[in-house]
Amino acid sequence: MSMPLMMFLLFIAVTLAITYWASKRSAGGSAYFAASRRITGWQNGIAVAGDYMSAASFLGIAGIIAFQGYDGFMYSVGWLVAYLTVLLVVAEPLRNAGRYTMADVLAYRLRPRPVRAMASMSTLTVSTFYMIAQMVGAGALVALLLKDSGISYHAAVVGVGVLMIVYVVFGGMLATTWVQIIKAILLIAGTILLSFLVLAHFHFSLGEFFYAISHVTYHDKGKEVVQNFLQPGLRFKPPYGALDLISLGLALIFGTAGLPHILVRFYTVPDAKTARTSVVWAMALIGSFYIMTTFLGFGAATIVGRDFIATHGGTNMSAPLLAQSLAGNVFFAFICAIAFATILAVVAGLTISASTSFAHDFWAGVIRRDKGCKPGEEVLIARISAFVVGAVAIVIAILLGPTANVAFLVALAFAVAASANLPAIVLSLFWKRFNTAGAVTGLATGLIASIGLILVSPSIMAVDPPTVTGTARHLIQSKAWFPLENPGILSIPLGFMGAFLGTILSHEPSSEHRFNELLVRSNTGLGAEKVEAR
Amino acid sequence: MQLNNPDVVDRTDWDKMAAAPKFKDLMSAKKLFIIPAFIFFVVYYFLLPILVGYAPKFMATQVFGVVNIAYLFALSQFLMAWGIAALYVRAANTFDKLAKEIIETSEDRASGAVEGR
């Protein structure tokens, strides 16, 4: 049995044991959806970090920096700074005024049925798209990491999918939380080790390291190139590179605070103060990790080299290959296991937020609003929908195949979160005049604008050379109508505009009357959901 | 489960609470910190992609050996984010105190009218 496979199995055994332990503590809504609100500040902070740092950050960023240098580091910066929006604007009011989902805050003073239906649709869109991107990546990666064990892409996708379904269906939020905590600790530990080894390789001289970064050598079309990788502009090129970079920044800074799987984490702690503490913990971990992407990415560029990575699995293998070249096969296996843990923790977080939103917002809040739910019905529906969401993600990932071009789905998730979810949350908390029509049109405009602009962007519309085949080809073979890969710069203003116009063109006195209640509750924590008694 | 059924409490109670001087103090203390902090970090952050996008030559200026302005400015973003978070945590201790006083007075006054679950 190969070393990576053994480490994978060890991780699976530990997380399944946790799921078994958590399953006995997950009866009832607050226990299943919010881990009884007993997660402490530091635990939730680590879990937020584990929920957030996806394979795209670990493997993807290391790869982008290894191939395109400084421009890749721009993602690292945005992914941390975005947490200031979470900290200053949404985390505490959300914890004070909601129960399980972001729609709780919207439904507070707006008409619950239409608002919950729309918010649930937006949540499901963000979560499923993000999940499909992770699953396709996971399948390709696991198959690559375990290629000596004879595990195919299909087997890997099914394996990852089944595990995430088991965690969420049986262990609920409690198991998901601990899977995320273990993953985050592993990820940080692995990254510190890798960074240390990179520095050791350069004799602990930052000067030597940075000198190497400024003279990265590789071959392009048969010619040897020496490139300064600290220089901006290797990825974001004229004429639209600058705008795309700003648009990406907007989606990150305003989208993170609208990502449903991050927002649900703040319901797992006892109160708003703990929610704040957990954001600070998350920022410490996330920031440290992204600073260290300097060593991961530039280390791979200088020590392993583009030429070698390109012929040994491609950009996503940069970090594992770096580990292999620095410390051999055991460390390679360890880094592969971390990548695997990373993917599982993120897809589990996405599954639980999608199923919570379906059960709590759509089933209990829309379909059964008049009749009311039987005891345990909401949790049962959540378990069923976690199973369905997982199964659908498996099927779609298999249909798309390992070469599918899915990176844009992550950009799409952030764009929808920033353009649809964030305007609705912020305006309902801070604008007295805001009403149901505004929330529904804002959510719809943000959602449609993000999807529409991505559909006509270079991610979907481009002319491929005939050598590119199958699902790796762009869906529409023609020149893109919208030149940017990130729609945020247009879709976020459109989302706010939709919310604004919908509001001023309609009249809903009840929403204004109840503004003071939401204001007092979200700012003081009066009447906020309490910790569940044992 | 009265969270979404606020009719339990008299509407005017919430209006009174929102108009109370203590609550207004809390809101202005929060605004005094959060609005400038938010504007500062958004401006500081977007300077990075704007300069990288539109002034790449300037950003490539080397400061320490080969280390350029672009990299140093990006690093400073991490310190900026952590710094604002630390300042916010300090400021928020004051908010917590004010909020606690507001909750206590409201519970004394209404004793039971506001659902204290």
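Residues numbered from 1 in each chain as written. Chains lettered and ligands numbered in written order. Predicted model: local features only at pLDDT ≥ 70, side-chain atom pairs only at ≥ 80, totals over all residues.

Secondary structure summary: chain A contains 20 helices and two strands in total. Scaling as 2.2 N^0.38, a compact globule of 534 residues should have a C-alpha radius of gyration of about 24 Å, and chain A matches this with 23 Å. By principal-axis analysis of the C-alpha atoms, chain A measures approximately 70 × 50 × 45 Å. The buried share of chain A, taken over its 534 residues, is 65%. Considering only contacts in chain A between residues 6 or more positions apart, those separated by 24 or more positions represent 82%. (Helix = DSSP H or I, 4+ residues; strand = E, 2+ residues; numbered from the N terminus. Rg over C-alpha atoms; globule rule 2.2 N^0.38 Å. Buried ≥ 20, exposed ≤ 12 C-beta atoms within 10 Å, placed from the backbone. Contact = placed C-beta atoms within 7 Å.)

As a further point, take the overall build of chain B. Secondary structure assignment for chain B yields four helices and two strands. Along its sequence from the N terminus, chain B presents helices and strands in the succession α-α-α-β-β-α. Burial analysis of chain B (117 residues in total) assigns 22% to the buried set. Long-range pairs, those at least 24 residues apart, make up 61% of the contacts in chain B with a sequence separation of at least 6.

Residue and element names in this part refer to chain A. One finds Tyr83, Val160, Ile286, Ala339 and Leu344 to be the most contacted residues of the largest nonpolar core, which totals 234 residues. Tallying contributions element by element places helix α14 (residues 318-367) first for this core, with 30 residues. Residue contacts for alanine 339: discarding those within four places in its chain leaves Ala55, Phe58, Leu59, Leu141, Leu145 and Pro320. (Core = buried A, V, L, I, M, F, W, Y, C linked by C-beta atoms within 7 Å.)

Let us look at the pairing of strand β1 (residues 216-220) of chain A. All names here are of chain A. Direction of pairing for β1 relative to strand β2 (residues 223-227): antiparallel, over a ladder of five bridges. From the neighbouring strand, aspartate 220 faces β2, where its bridge partner is lysine 223. Remark: two residues form the turn of the hairpin made by β1 and β2, two consecutive strands paired antiparallel; lysine 221 in that turn has positive phi of roughly 50°. (Pairing = 2+ DSSP bridges.)

A few words on the environment of A:Phe170. Residue and element names in this part refer to chain A. Note that phenylalanine 170 resides in helix α8 (residues 153-201). Under the C-beta neighbour-count criterion, phenylalanine 170 is labelled partly exposed, with 17 such atoms within 10 Å. With sequence-adjacent residues up to four places away left out, phenylalanine 170 is seen in contact with Thr19 and Ser23.

Turning to the interface of chain B and chain A, a few remarks are in order. Residue-level contacts link 50 residues of chain B with 47 residues of chain A. Those elements that provide at least two residues to the side of chain B that touches chain A are α1 (11-19), α2 (21-54), α3 (56-59), β2 (67-68) and α4 (69-110) of chain B. In terms of residues, the side of chain B that touches chain A owes the most to one element, α4(B), which gives 17 residues. Counted by class, the side of chain B that touches chain A contains 39 nonpolar, six polar and five charged residues. (Nonpolar A, V, L, I, M, F, W, Y, C, P; charged D, E, K, R; others polar.)

Take helix α3 (residues 41-52) of chain A next. All names here are of chain A. Taking 1.5 Å as the rise per residue, α3 with 12 residues should run 16 Å; its terminal C-alpha atoms sit 16 Å apart, in good agreement. When we look at burial in α3, the residues that qualify are Gly41, Gln43, Asn44, Gly45, Ile46, Ala47, Val48, Ala49, Gly50, Asp51 and Tyr52. Tucked into the core, α3 has its buried residues touching α8, α11 (260-263), α12 (272-304) and α14. (Expected span 1.5 Å × (residues − 1).)

Moving on, we get to the packing of helix α5 (residues 70-97) of chain A against helix α10 (residues 241-255) of chain A. Residues and elements named next belong to chain A. Look at α5 against α10: their axes get within 7 Å of each other, and the N-to-C directions meet at 35°. In this structure, the crossing between α5 and α10 has a hand that is right-handed. Touching Met74, Gly78, Trp79, Val81, Ala82 and Thr85 of α5 are Leu245, Leu248, Gly249, Leu252, Ile253 and Phe254, all from α10. Residue classes in the contact of α5 with α10 are distributed as nine nonpolar, three polar and no charged. (Axes fitted to C-alpha atoms, helices over the stretch in contact; angles between N-to-C directions. Left-handed = near helix turned anticlockwise from the far one by under 90°.)

With that settled, the discussion passes to the packing of helix α7 (residues 112-145) of chain A against α14(A). Residues and elements named next belong to chain A. The interhelical angle for the contact between α7 and α14, taken along N-to-C directions, is 160°, at an axis separation of 8 Å. By the criterion of interaxial angle, the relationship of α7 to α14 is roughly antiparallel. With respect to the hand of their crossing, α7 and α14 are arranged in left-handed fashion. (Parallel < 35°, antiparallel > 145°, perpendicular 65-115°, else oblique.)

All names here are of chain B. Scored by pLDDT, chain B comes out at a mean of 85, with 83% of its residues at no less than 70. Across chain B, the secondary-structure element scoring lowest on mean pLDDT is α1, at 83, and the one scoring highest is α2, at 95. Between residues 1-7, whose pLDDT stays under 50, and residues either more than four places distant or in other chains, the model counts eight contacts. Confidence drops under a pLDDT of 50 for residues 112-117, and excluding neighbours within four residues, the segment shows 13 contacts in the predicted structure. Per the prediction output, this complex has pTM 0.92; the corresponding ipTM is 0.92. (pLDDT = per-residue confidence, 0-100.)

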